[in-house]
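Each chain is listed here by its residues.
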Amino acid sequence: MTDAPLIELRDVTKAFGGVHAVDRVSLRLERGEVLGLLGHNGAGKSTLIKMLSGVFPADSGDFYVRGEKVDIREPRDAKELGIETIYQTLALSENLDSIANLFIGREKTSFFGFMDEVRMERAARETLARMKFNLPNLATLVSSLSGGQRQAIAIARAVLFKAEVLIMDEPTAALGPEETAKVGDLIRELAGQGIGIILISHDIHDVFALADRMLVMRNGKMVGTAPTKDVTEDEALAMIIAGNLPSALQK
Amino acid sequence: MATDIPAPAAQPAAGAVTRSGLTDLRLIAMIAILVAVWVGFGVATNGVFLSPRNLFNLSLQVSTVGVLATGMVFIIVARHIDLSVGSQIGFIGVVGALVQTQILPIDGTHTWWISLGAMLLTGAAIGLVNGALVAYAGIPSFVVTLGGLMFYRNAAYMLNEGRTISPLNEDFRRIGGGLDGSLGAATSILVGAVAIAAILFFAVASRRKRAQFGFPNPPASMAFLTIGAGVATIVAFIAVMNAYELPRTKEAAGIAIPVLILIMVGVSMSVISRRHQFGRHVFSLGGSPESTALSGVNTRLLTLKLFVLMGLLCGLGSAIVTARLNAAASVTGTMMELNVIAAAVIGGTSLSGGVGTIVGGLLGALIMQSLESGMILMGVPTPLQRMIVAVVLILAVLIDLAYRARSGK
Ligand SMILES: Nc1ncnc2c1ncn2[C@@H]1O[C@H](COP(=O)(O)OP(=O)(O)O)[C@@H](O)[C@H]1O
Ligand SMILES: [Mg+2]
């Protein structure tokens, strides 16, 4: 099934107590596509992708990966399907060094679970060099790295394991302009290699600059989805703020 | 995107330097404190404290708490606690003694290892229950093991109606260090030689491998210093143990078997903490439980394994102390959990999780035991001894906090 979308979610729903965090949202992601996920704080963006990355199960709805229905219950399940996530909180263990963080849960081992540190260090150095992120010292603890350096580690972790689907939740929130530009280059580069990327942002400039298509959420519901080139920034803002679909998209 | 890899030599050595023991200031401070304690007691007791006889006994006394402290470091690093270890020691001891006296012939050839196996299994089973209640039922480890503390102590009493079981199997007793319970001079020297060879081998192999991949190594002077300190410690240790003559035979004692067990446990646990996935995951869990779970680690299974490991070590610790006493009583190991936790904490294990070393825990145990032994030699009354140990514990944490605040960790 080569023409099946890389990822497809159908009518996915999640409630926390009485809060409908995500309410019947559907989504498609193709190979090499960058999908911008837009919406205000609390719109349900993080909740939606956390179901796809196995943080918690959906209340209802179906998940398809490469056309096959899948059951994602744990972060491991998602990773095994080639779905890597860079969480808004980065999910790093601050008391460990960069190399340890890159490989947590997927250490390279030589025998009986003993780690092959040299192989891990080599892979880490190669990946970071390829991403052109310069880390002063791979042995420093993550707790003493800057926001940008931590972001680099979180992204490198996804790149290192050859993600087919990359979910990035607010990847540039902690970054300065120069590092933001780097992340932008990286997103284009990875999409060029055929990786599907879901880019969450509340900054519509990011999304217009990088995404092929956008999906707007508001109060847990899907407002609509459109190729970025077919909508203006004002129309996108109207979707985010008021939930108004631009006239061109109304049927 | 270019694939130019920056010249590794331009980057400081990763891993090797910051992870090597000697550069860790806190560890150096602990060794300094231990040396100060030893010199202080040596002077105060006119050298009696530093006599081979006393140091040999000290090595025997530290072995049980030391074995348990290695497990407690992992437990505390993972943000848990195990208050049940002292009661486990008593319970497992009674189980082992019952196996030796009721099920097996007390003087049977296989009695020692079958009863030892039964003790390890009992410990693992208790750990499994503790771990399952913590990891899968979600009960805080403090509560689970507080329950265990009360349960196993009294279960030990119920098992044999409070009667002490003695004597025990003669081969089994060697595990405790008494009666043919040490290696003798020649074997001790051999053990030391093997240990030194292993240190040299791994040091060279590690540097070779890093060099082969073009990674920078720490400076050779640093390596020589670390290796030199290790070799000197081994030589001194063997020399002292061989200088002690067994009272009956007048032969050189050499390393006591429980001490050999402690060394092997310490080395294994240290290697696990630095080089094995399990140790890496335990430290990650302690540093950030959420991140560790998000990274795909099965944190519940990890927690279960952690408590099983602690239980296994309780089985081993119980075998050592029960064999040394040549008796199993339900009260054996009372309050030992506090000494074990104190050893881990004095050794720099942070109660907020994620930080600690096996070497630190062992040094902590040695410092505690040295204080106790030295004060006994000086005739300090027992209550005052306990008060002083309490003050040392608080001071150790205070210094540790100050150190952390200054180094920004
Ligand atoms: N773990 C949770 N427990 C309870 N409520 C949650 C949880 N996660 C998110 N929510 C709620 O779900 C809604 C959507 O949140 P979120 O997905 O984080 O939004 P976004 O990422 O778009 O800012 C919010 O009302 C938030 O308070
Ligand atoms: Mg969010």
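Note that this is a predicted model, so its numbers are computed, not measured.

Some points on a negative patch on the surface
Residue and element names in this part refer to chain B.
Here is step 1: Taken together, Asp107, Glu170, Asp171 and Asp180 make up a surface patch of like negative charges.
Here is step 2: Checked against the element boundaries, Glu170 lands in helix 7 (residues 170-173).
Here is step 3: Judged by relative accessible area, Glu170 falls into the exposed class, the value being 53%.

As for empty space enclosed by the protein
Here is step 1: Per the counting criterion, the structure on display carries three cavities of 30 Å³ or more.
Here is step 2: Of the voids in this model, the largest cavity is the one considered here, and its volume is about 60 Å³.
Here is step 3: What lines the largest cavity is simply Lys79(A), Glu84(A), Thr85(A), Ile86(A), Tyr87(A), Ala91(A), Ala154(A), Arg157(A), Ala158(A), Leu294(B) and Ser295(B).
Here is step 4: Contributing elements (two or more residues each) for the lining of the largest cavity: strand 6 (83-86) and helix 5 (147-160) of chain A.
Here is step 5: Looking at the lining of the largest cavity, its residues break down into six nonpolar, two polar and three charged.

Examining the interface of chain B and chain A
Here is step 1: Across the contact, 40 residues belong to chain B and 41 residues belong to chain A.
Here is step 2: Scanning the region where chain B abuts chain A turns up four salt bridges.
Here is step 3: For the salt bridge of Arg275(B) with Glu117(A), the shortest nitrogen-to-oxygen distance reads 2.5 Å.
Here is step 4: Contributions of two or more residues to the side of chain B that touches chain A are made by helix 1 (16-19), helix 8 (184-212), helix 10 (257-275), helix 11 (277-287) and helix 12 (289-294) of chain B.

Topic: the sheet that holds strand 5 (residues 68-70) of chain A
Residues and elements named next belong to chain A.
Here is step 1: The four strands are arranged 2-1-4-5 in an open sheet whose pairing can be described as antiparallel. The open sheet has two edge strands with one neighbour each: strand 2 (19-29) and strand 5. Averaged over all adjacent pairs, the angle separating strand axes in this sheet is 30 degrees, with direction ignored.
Here is step 2: As paired strands, strand 4 (residues 60-65) and strand 5 are joined by three bridges and run antiparallel to one another. Bridge pairing in strand 5 places Tyr64 opposite Lys69.
Here is step 3: Running over the sheet, helix 1 (residues 45-52) touches strand 1 (7-16), strand 2 and strand 4 and is turned about 120 degrees from strand 1.

Overview of the coordination of the magnesium ion (ligand 2)
Residue and element names in this part refer to chain A.
Here is step 1: Coordination sphere of the magnesium ion (ligand 2), protein contribution only: Ser46 (OG) and Gln88 (OE1), at 2.1 to 2.5 Å. You can see Ser46 sitting in helix 1 and its partner Gln88 sitting in the loop between strand 6 and helix 3 (98-103), a full 42 residues away along the chain.
Here is step 2: For Gln88, a relative accessible area of 44% gives the class partly exposed.

Concerning a nonpolar patch on the surface
Residue and element names in this part refer to chain B.
Here is step 1: Residues Val129, Leu133, Ile139, Phe142, Val143, Leu146 and Met150 make up a contiguous nonpolar surface patch of roughly 570 Å² in combined accessible area.
Here is step 2: At the level of elements, helix 5 (111-135) and helix 6 (141-159) are the ones that each hand at least two residues to the nonpolar patch.
Here is step 3: Looking at which element gives the most residues to the nonpolar patch, the answer is helix 6, with four residues.
Here is step 4: Along the polypeptide, Met150 turns up in helix 6.

Parameters at a glance
Residues numbered from 1 in each chain as written. Chains lettered and ligands numbered in written order. Predicted model: local features only at pLDDT ≥ 70, side-chain atom pairs only at ≥ 80, totals over all residues. Heavy atoms only, no water. Patch = residues over 30% accessible without salt bridge, like charges linked within 9 Å, V, L, I, M, F, W, Y side chains within 5 Å. Areas by Shrake-Rupley, 256 points an atom, 1.4 Å probe, with all protein chains shown as cover. Salt bridge = Lys/Arg side-chain N within 4 Å of Asp/Glu carboxyl O. Lys, Arg positive; Asp, Glu negative; His and termini not counted. Charge placed at Lys NZ, Arg CZ, Asp CG, Glu CD. Helix = DSSP H or I, 4+ residues; strand = E, 2+ residues; numbered from the N terminus. Buried < 20%, exposed > 50% of the residue type's maximum accessible area, 1.4 Å probe, protein only. 1 Å grid on protein atoms, 1.4 Å probe; cavity = no way out; pocket = protein on both sides within 12 Å on 5 of 7 lines; lining within 4 Å. Points joined across faces, edges and corners; volume = space filled by probe spheres on them. Nonpolar A, V, L, I, M, F, W, Y, C, P; charged D, E, K, R; others polar. Contact = heavy atoms within 4.5 Å. Pairing = 2+ DSSP bridges. Axes fitted to C-alpha atoms, helices over the stretch in contact; angles between N-to-C directions. Donors = N, O, S within 2.8 Å, 3.2 Å for Na, K, Ca; no water.

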